[in-house]
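So you can see what is in the structure, the chains are spelled out below.
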Amino acid sequence: MASELRWNSAVFRRNSLHFYPAINTWAVLDSLGIFDGLKEYQPVLCGTIPLDIDVEDSDLDLICTTADLDRFGHVLKEKYGHLDRFTQDRREIRNIPTATASFWYRGFQLECFAQPIPVTEQNAYRHMMIEARLLQLSGQEAAKEIRALKERGLKTEPAFALYYGIVGDDPYQALLELERYSNEQLKQVMANKPT
């Protein structure tokens, strides 16, 4: 259903997420009809907005799954190619073939990604899930501080790594390594974060 986004065991309804106080993200997405338009690709909204750590220039990231990236590209072009600043690209992201499209709609930049693996196995989804767990265990102060780091120009995963003191050369990979941690182990990570 276009008005719901299944995210693990929780269901986020259109009125539960806001990008700016006066603009409802779900109303924008519903008016575009993108969840219905890309239904066969199992679109999921990922990134900062579902986590409520979005900043003024945050975009709307939709991830999808398909074995036929060429057809996905054609569908995007057919349905959304008329929208402002529409662009498409094909590349490998961490050795996974990926089709992307970007366009603007009602003042929002939308980024669509598709890979030939299930959405729940894609890094964007996996990052969002571990970040959600960290925020759930940490509370609103953590979200506020991470949002402040993002407002200073950090990307989401580096902001999480800096805030929680997660070590490693690659913050994207370092966060993924936390997936297997229990909540108790995550609390230990949080207890050791810099102050």
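Quick notes on the rules
Residues numbered from 1 in each chain as written. Predicted model: local features only at pLDDT ≥ 70, side-chain atom pairs only at ≥ 80, totals over all residues. Heavy atoms only, no water. Pairing = 2+ DSSP bridges. Helix = DSSP H or I, 4+ residues; strand = E, 2+ residues; numbered from the N terminus. Buried < 20%, exposed > 50% of the residue type's maximum accessible area, 1.4 Å probe, protein only. Lys, Arg positive; Asp, Glu negative; His and termini not counted. Salt bridge = Lys/Arg side-chain N within 4 Å of Asp/Glu carboxyl O. Contact = heavy atoms within 4.5 Å. Expected span 1.5 Å × (residues − 1). Arc of directions from axis to C-beta. Axes fitted to C-alpha atoms, helices over the stretch in contact; angles between N-to-C directions.

A few points about the pairing of strand β7 (residues 84-93)
And step 1. Relative to strand β8 (residues 96-105), β7 runs antiparallel, the two sharing 8 bridges. Bridged to Asp84 within β8 is Trp104.
And step 2. In this antiparallel pair of consecutive strands, β7 and β8, the connection spans 2 residues, and Arg94 shows a positive phi of 55°.

Considering the side chain of Lys150
And step 1. Looking at the element boundaries, Lys150 is found in helix α6 (residues 140-151).
And step 2. Although buried, Lys150 forms no salt bridge, and the nearest oppositely charged side chain, Asp57, lies 6.6 Å from it.
And step 3. Residues in contact with Lys150, not counting those within four places in the same chain, are Thr48, Ile53, Val55, Lys155, Thr156 and Ala159.

A word on helix α4 (residues 69-80)
The periodicity of an α-helix, 3.6 residues per turn, causes residues three or four positions apart to be oriented the same way.
And step 1. Spanning 12 residues, α4 covers 16 Å between terminal C-alpha atoms, matching the ideal 16 Å at 1.5 Å per step.
And step 2. Looking at α4, one finds that the buried residues are Leu69, Phe72, Gly73, Val75, Leu76 and Tyr80. In a view along the axis of α4, the buried residues occupy a sector of 160°, so they form one face of it. With respect to the buried face of α4, the exposed residues turned more than 90 degrees away are His74 and Glu78.
And step 3. Where α4 is buried, its residues contact α1 (25-32), α2 (34-37), β6 (60-65), β7, β8 and β9 (108-115).

Notes on the sheet that holds strand β5 (residues 44-46)
And step 1. Read from one edge to the other, the open sheet built from 5 strands follows the order β5-β6-β9-β8-β7, with strand pairing classed as mixed. Two strands bound the open sheet, and with one partner strand each, they are β5 and β7. Across this sheet, the average inter-strand angle for adjacent strands is 25°, counted without regard to direction.
And step 2. Relative to β8, α1 is tilted by about 100°, and along the sheet it contacts β5, β6, β8 and β9.
And step 3. Packing against the sheet, helix α5 (residues 123-138) makes contact with β5 and β6, and its axis sits at approximately 60° to β5.

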